[in-house]
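Breakdown of the fold
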Amino acid sequence: MSVKCKKCMFKIHLVLRMQRIQHICAVLSFILLTGCTNDDTGKKDGIPSADSSSKTEQLLNDSTTTDSMRVQLIEQLVQDSTYDKALVQIEKLLQKDSSNPGWLYIKADALEKMGDTASAILNYNKAVNSAGIFIDAEIRAAILFAEKADANALKLCDRLLANPGAVGYRSDVLRIKGIYYAKSGNSKKAIEQFNQIISEDYTYLDAYIEKGLVYFDTKNYKDAWTVFAKSTEVSNKFAEGYFWMAKAEERMNQKAEAAANYKRALALDQSLSEARQAIQRLETK
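A brief look at the structure comes next. (Residues numbered from 1 in each chain as written. Predicted model: local features only at pLDDT ≥ 70, side-chain atom pairs only at ≥ 80, totals over all residues. Heavy atoms only, no water.)

What follows covers unusual backbone geometry. Positioned with a positive phi, Ser81 is a non-glycine residue whose angle comes to about 65 degrees. Its location among the elements puts Ser81 in the loop between helix H3 (67-79) and helix H4 (83-96). Despite not being glycine, Asn253 shows a phi value in the positive range, around 65 degrees. Along the chain, Asn253 falls in the loop between helix H13 (239-251) and helix H14 (255-268). What makes Asn253 exposed here is its relative accessible area of 55%. (Helix = DSSP H or I, 4+ residues; strand = E, 2+ residues; numbered from the N terminus. Buried < 20%, exposed > 50% of the residue type's maximum accessible area, 1.4 Å probe, protein only.)

Before going further, it helps to spend a moment on the packing of helix H10 (residues 187-200) against helix H11 (residues 205-217). For any two helices packed against each other, the geometry comes down to the angle between their axes and how far apart the axes lie. At their nearest, the axes of H10 and H11 sit 9 Å apart, and the two run at 160 degrees to each other. Comparing their axes, H11 and H10 come out roughly antiparallel. With respect to the hand of their crossing, H10 and H11 are arranged in left-handed fashion. Residues Ser187, Ala190, Ile191, Phe194, Asn195, Ile197 and Ile198 of H10 touch H11, and the partners they reach there are Ala207, Tyr208, Glu210, Lys211, Val214 and Tyr215. Residues that form the contact of H10 with H11 fall into these classes: nine nonpolar, two polar and two charged. (Axes fitted to C-alpha atoms, helices over the stretch in contact; angles between N-to-C directions. Parallel < 35°, antiparallel > 145°, perpendicular 65-115°, else oblique. Left-handed = near helix turned anticlockwise from the far one by under 90°. Contact = heavy atoms within 4.5 Å. Nonpolar A, V, L, I, M, F, W, Y, C, P; charged D, E, K, R; others polar.)

Once that is clear, we can look at the nonpolar core. Tyr124, Phe228 and Tyr262 are the most contacted members of the largest nonpolar core, which has 85 residues in total. In terms of residue count, the dominant contributor to this core is helix H7 (residues 135-147) (nine residues). Beyond its immediate sequence surroundings of up to four residues, Tyr262 is in contact with Phe243, Ala246, Lys247, Glu250, Ala275, Ala278, Ile279, Arg281 and Leu282. (Core = buried A, V, L, I, M, F, W, Y, C linked by side-chain atoms within 4.5 Å.)

Under the 1.5 Å per step criterion, the end-to-end length of helix H9 (residues 170-183) is 20 Å for 14 residues, consistent within 8% with the ideal 20 Å. Listing the buried residues of H9 in full gives Ser171, Asp172, Val173, Leu174, Arg175, Ile176, Lys177, Gly178, Ile179, Tyr180 and Tyr181. Following H9 by one or two positions, Gly185 adopts a phi angle in the positive range, close to 85 degrees. (Expected span 1.5 Å × (residues − 1).)

Moving on: H10. With 14 residues, H10 should reach 20 Å at 1.5 Å per residue; the first-to-last C-alpha distance of 20 Å fits that figure. Considered for burial, the residues of H10 that qualify are Ala190, Ile191, Gln193, Phe194, Ile197 and Ile198. With its buried residues spanning 155 degrees around the axis, H10 presents them on a single face. Structural note: H10 exposes Lys188 and Ser199 on the side pointing more than 90 degrees away from its buried face. Buried residues belonging to H10 abut H9 and H11. (Arc of directions from axis to C-beta.)

Scanning the entire structure with this criterion turns up eight aromatic pairs. Ring geometry for Phe243 versus Trp244: centroids 5.3 Å apart, planes at 85 degrees, classification edge-to-face. Among the residues examined, Trp244 registers a relative accessible area of 0% and is labelled buried. By the ring-pair criterion, three or more aromatic residues cluster together here, those being Phe216, Tyr221, Phe228, Phe243, Trp244 and Tyr262. (Phe/Tyr/Trp six-rings, centres within 6.5 Å; stacked < 30°, edge-to-face > 60°.)

Here you go:
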């Protein structure tokens, strides 16, 4: 797997980790407030076990299935990467209420995960417009814009920074601005954003990775390594930090050091398949 692909995977991983709890809370809140018009049918809510796909299909096709149960089933379909089925069910909900912010958000999430960025942005914006204030949807749209170096990312970020209700998201929003500048080729502005985050909250580990990647992408591997190493000083359990230290070391032809840090990263996070492959590659040379 290429460095660029791995970089994207890390960004997706970090974004999803940041938003997992936010996503669930936001969706459930909107459903409870605006969407559950059919929850008086007496059916007990709950997600069927993973080995009962036939029961899932039965519940989805059951006209008495409550809206809140349908949402849970849709979330399960998205987790299982069965996006087409999830979108069919979301459309059934939206036929009842096309402006429900929570359902629009779920649709955007599914579209984003299946790779339809343009449609995902459209539906995040619909959710925001319908709700008036929907911080999670604005953040998700801003991230997608930033990855495309679209200046709309800055507009959304500035709006969020001016929103008193989004004060707890400040570091996340500044990180998105930094990603936008990095994608736009403005390394100086990108580093300024990441430095600002670190100065305000030195424990925000994502900022170290993003800052280091700016140096890495410009082939300044020594400075990149220094930043990645700093992240592991802040947390010696930070797998991404060790992984990117190893990537920088490998580029600097420090193979023994790279292998050692790939092993540290893999010990902390077994999902880092590229670290495993790199260890095998370095130890067979």
